[in-house]
Every structure is written in C-alpha cells, then in structure tokens.
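Here is what each chain is made of, one letter per residue.
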Amino acid sequence: KKRIFSGMQPSGMITLGNYLGALKNWTNLQDDYDCLYCIVDMHAITVRQDPVKLRKQARDLLTQYLAVGIDPEKNTIYYQSHVSQHAELGWILNCFTYMGELNRMTQFKDKAAKHSDNINAGLYTYPVLMASDILLYQTDLVPVGEDQRQHLEITRDIAGRFNGIYGETFKIPEAYIGKVGARIMSLQEPTKKMSKSDENKNNTILLMDEPAVIMNKVKRAMTDSGSEIRHGEDKPGITNLLNIYCACTGKTMEEAEREFDGAGYGAFKTAVGEAVVAELEPVQKRVKELEKNKDYLDEVIKYGAERAGKLAARTLTKVQKKVGFPPVI
Ligand code: AQP
C-alpha cells in the first residue's frame, strides 16, 4: 500500500472547513492507503499558544479524528511531540535548506504579517519541520490544498538534494490528487478562508457548535447583492453557502441551484443550516461518547506514538549514519 502523511495543527477548535476540506476525506483513504495522521503540536507553537488550551485542543483533535471515523487500527494517529525524531530530523534538514528558499515561502510572509510581534525562527523554518514530518515516513503521497503546494515543493527539493549528496535516502513524495475537499470560506468575509484561529466567532462554524448556534451563524452569514441563488465570482457569500450545502448533502452544484431556484435567502439559509446540523450531529454525539472513555483515548495515544516512533527511527538512524554522526554505543 502507498503511504500517506497528513496533519492538522491543534491551534484552535476545528471548523467545518477543516472537517469538509480534510477530515471527512481522510476516512475515505484508510482502506486503500497506509495513512499517518499527525496532530502537529510542534507546528502549532510557531504562534503563541496558551499551554492549557493547547493540551486540550490536541486531545480534542485526536478525539475528533476518531469520531469522524478514522480508525486507529488502520491508521497511525499520534502527537508530533511524542515522536522526537521529527525534531531531530528537522535540525538535520535545516542544514540542507537555504535561507533563499525559505524567504520565498508565501505562508511565512502571510503569517509574519499577521503575527508581527512574534516573527520567530520556528515560523521561518516551519517548512523544514513539515519536510521532516513527511520524509521521516518515506511518504508516497501528501494530500495538499493550494496553500500547501509550495511546502510540498520545498520538501521534494530538500529530499532530492539530500539524496544527491548521500545517495538514495528519502522517497520523493508526490501530491495526492484525489477527490478534493471543498474549500470553505469565512461566513462574514467570504473571500478569505474559514480558519480555526479566526478571532471573529461569526466567521467560523465549529465542528462542535450546538445546532442552534450553527443555525444562527448561517442565518447571519454575509450574502451578496441581488436575490438569485447561484454560484459565481460576483457572489462569494452565496457560493460559499452553496458549497457548504453540496458538501454536506452530496448534491451537485446544479442540483442545489435548481432546488433553490426562486427561493429567498431566508429559506435557503435555513436549508443550509439544517444540512450542516444533520452532517455534524452524529460526529458530535460520537465525540461525547469517546470523551467518556479516557482509558481508550490514552491507549490510542500510546499505541500511535509507538507505531509512528518505530517507523521514524528507521529513517532517522539511516540519516544520522549518512551525515557522519557516530553510532550510539
Ligand atoms: N477553510 C477550509 N476549507 C477547506 N479545508 C481547509 N483546511 C483548513 N481550512 C480549510 C484544511 O484543514 C487542514 C488543517 O490544516 P492545519 O491545521 O495545518 O492548518 P490550516 O490549513 O492553516 O487550517 P486553519 O484552520 O486555517 O488553521 P490556522 O487558523 O491555525 O492557520 C488542512 O488539510 C487544510 O487544507
């Protein structure tokens, strides 16, 4: 089976965007691929985090992975910070990455602009840690959205450079081009993506939002001028709601547009809200059941770290030898 690596930062409560764009699709991959799903807490601290919240968010995220149906037997689910090889390989690969390359990363520029009070070196070398995440596991495929494409490219460049110097060491990963998850936009500012770290609560629908909260947020979502319910660049608000509706119901855009032909914005928003509630309610129920089972969650955490650690150690040992570190006696 081909190996897939993907991760999510525990940088906030996860949103409908994270769910529809990533998590939901992950469940479809587990039978055909050998998947590692990492909770990248080391990446999360490139932005200042409250420690109590970070710990809770990481555990919540793991619980949510399980609740959407990612099977911990079929997949490797683990915390990045539990597998020290990520940091160790990260350091080595830092020495094979040029500042010129990192200077070109657009996500760094965006994040640096957003967090101008804390432009730390970790934020800058984030792509190198991400390269380590991927290369440690001899990953074949990485599901990436548009915004991560540049990071996958630099991963390939670093791997190729290392292989060129020391001989075949890393598998060069490719982008996984499968059924792409919907890109969900902010409810109040539909030209920017819905993000878990967004401070405006009305911009996001959280995976764990109560039904009444979801209905309310959808009703208050920004709409566009005109009253037609159709998708198009001139209608970012309605397009986003239509995308959400389609992703939750499995309907096509044409079907949805036909269904709401002549309907008012009010009725349309009610239908969208109800579709989201119907999609999320069963997941929320499973999260609540899992939360009661502390021992089971602990078991999954331990098992995942062991499984990932074994794979990671194999690559790191090889790399340490190649660069000339003395063997541990
Ligand atoms: N709005 C979105 N629509 C579809 N997919 C999305 N993803 C994120 N937002 C949307 C996908 O979810 C995964 C999460 O990746 P991440 O946690 O590493 O960080 P991110 O992409 O930066 O997500 P956020 O929610 O915007 O986090 P913050 O606010 O912390 O930066 C990825 O697979 C991503 O494509």
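Residues numbered from 1 in each chain as written. Predicted model: local features only at pLDDT ≥ 70, side-chain atom pairs only at ≥ 80, totals over all residues.

- An unreviewed UniProt entry lists the chain under the name Tryptophan--tRNA ligase, with Anaerotignum lactatifermentans DSM 14214 given as the organism.
- Regarding the chain, the relevant UniProt record gives this comment under Sequence similarities (unreviewed entry): "Belongs to the class-I aminoacyl-tRNA synthetase family." (UniProt positions renumbered as here; feature names shortened; annotations may be inferred.)

1. A short note on the site of the ligand
Here's step 1: Close to the ligand lie 18 residues, the nearest being Ser 11, Gly 17, Gly 21, Ser 195 and Ser 197.
Here's step 2: Counting residues per element, the shell around the ligand draws most heavily on helix α1 (residues 16–29), at four residues.
Here's step 3: Here the residues of the shell around the ligand are counted per class, giving four nonpolar, eleven polar and three charged. (Near = placed C-beta within 6 Å. Helix = DSSP H or I, 4+ residues; strand = E, 2+ residues; numbered from the N terminus. Nonpolar A, V, L, I, M, F, W, Y, C, P; charged D, E, K, R; others polar.)

2. So, the UniProt feature "binding site: L-tryptophan" (unreviewed entry) in the chain
Here's step 1: The sites that carry the UniProt feature "binding site: L-tryptophan" (unreviewed entry) are, in the present numbering, Asp 133.
Here's step 2: With respect to the element layout, Asp 133 can be found in helix α7 (residues 121–135).
Here's step 3: Residue classification places Asp 133 among the buried positions, given that 27 C-beta atoms sit within 10 Å.
Here's step 4: For Asp 133, the contacting residues outside a window of four places in its chain are Phe 5, Gly 7, Cys 38, Val 40, Gln 80 and His 86. (Buried ≥ 20, exposed ≤ 12 C-beta atoms within 10 Å, placed from the backbone. Contact = placed C-beta atoms within 7 Å.)

3. A look at the nonpolar core
Here's step 1: Counting residues in each nonpolar core, the largest one holds 80 residues, and the members touching the most others are Leu 16, Ile 39, Ile 244, Tyr 245, Val 272 and Val 276.
Here's step 2: The biggest single contributor to this core is helix α10 (residues 236–249), with eight residues.
Here's step 3: When residues of this core are assigned to domains, at least three fall in each of domain 1 (3–177 + 294–323) and domain 2 (201–289).
Here's step 4: The contacts of Val 276, once residues within four sequence positions are left out, are Leu 16, Ile 205, Ile 214, Val 218, Ile 244 and Cys 248. (Core = buried A, V, L, I, M, F, W, Y, C linked by C-beta atoms within 7 Å. Domains from an automatic or database assignment.)

4. Quick look at the packing of helix α9 (residues 211–219) against helix α12 (residues 265–291)
Here's step 1: Closest axis-to-axis distance for the α9/α12 pair is 9 Å, and the angle between their directions is 145°. For α9 against α12, the interelement crossing comes out right-handed. In this structure, α9 contributes Pro 211, Ile 214, Met 215, Val 218 and Lys 219 to the contact, and α12 contributes Lys 269, Val 272, Gly 273, Val 276, Val 277 and Glu 281. (Axes fitted to C-alpha atoms, helices over the stretch in contact; angles between N-to-C directions. Left-handed = near helix turned anticlockwise from the far one by under 90°.)

5. Structural notes on the environment of Val 328
Here's step 1: Tracing the backbone shows Val 328 in the segment after α13 (294–323).
Here's step 2: Residues Val 328 and Leu 290, spaced 38 residues apart in sequence, show a C-alpha to C-alpha distance of 41 Å.

6. Some thoughts on the pairing of strand β1 (residues 3–8)
Here's step 1: Most of β1 is tucked away, with five of its six residues classed as buried.
Here's step 2: Both β1 and strand β2 (residues 34–39) contribute to a ladder of six bridges, which runs parallel. Directly across from Phe 5, in β2, lies its bridge partner Leu 36.
Here's step 3: Handedness of the crossover joining β1 and β2 through α1: right-handed. (Pairing = 2+ DSSP bridges. Right-handed = clockwise from strand over helix to strand, strands pointing away.)

7. Considerations on the domain arrangement of the chain
Here's step 1: Here the chain is partitioned into domain 1 (3–177 + 294–323) and domain 2 (201–289).
Here's step 2: A straight line from the C-alpha centre of domain 1 to that of domain 2 covers 31 Å.
Here's step 3: Opposite the ten residues of domain 1 that make contact, domain 2 presents eleven residues.
Here's step 4: Sorting the residues of the side of domain 1 that touches domain 2 by element identifies α1 and α3 (51–67) as the ones contributing at least two each.

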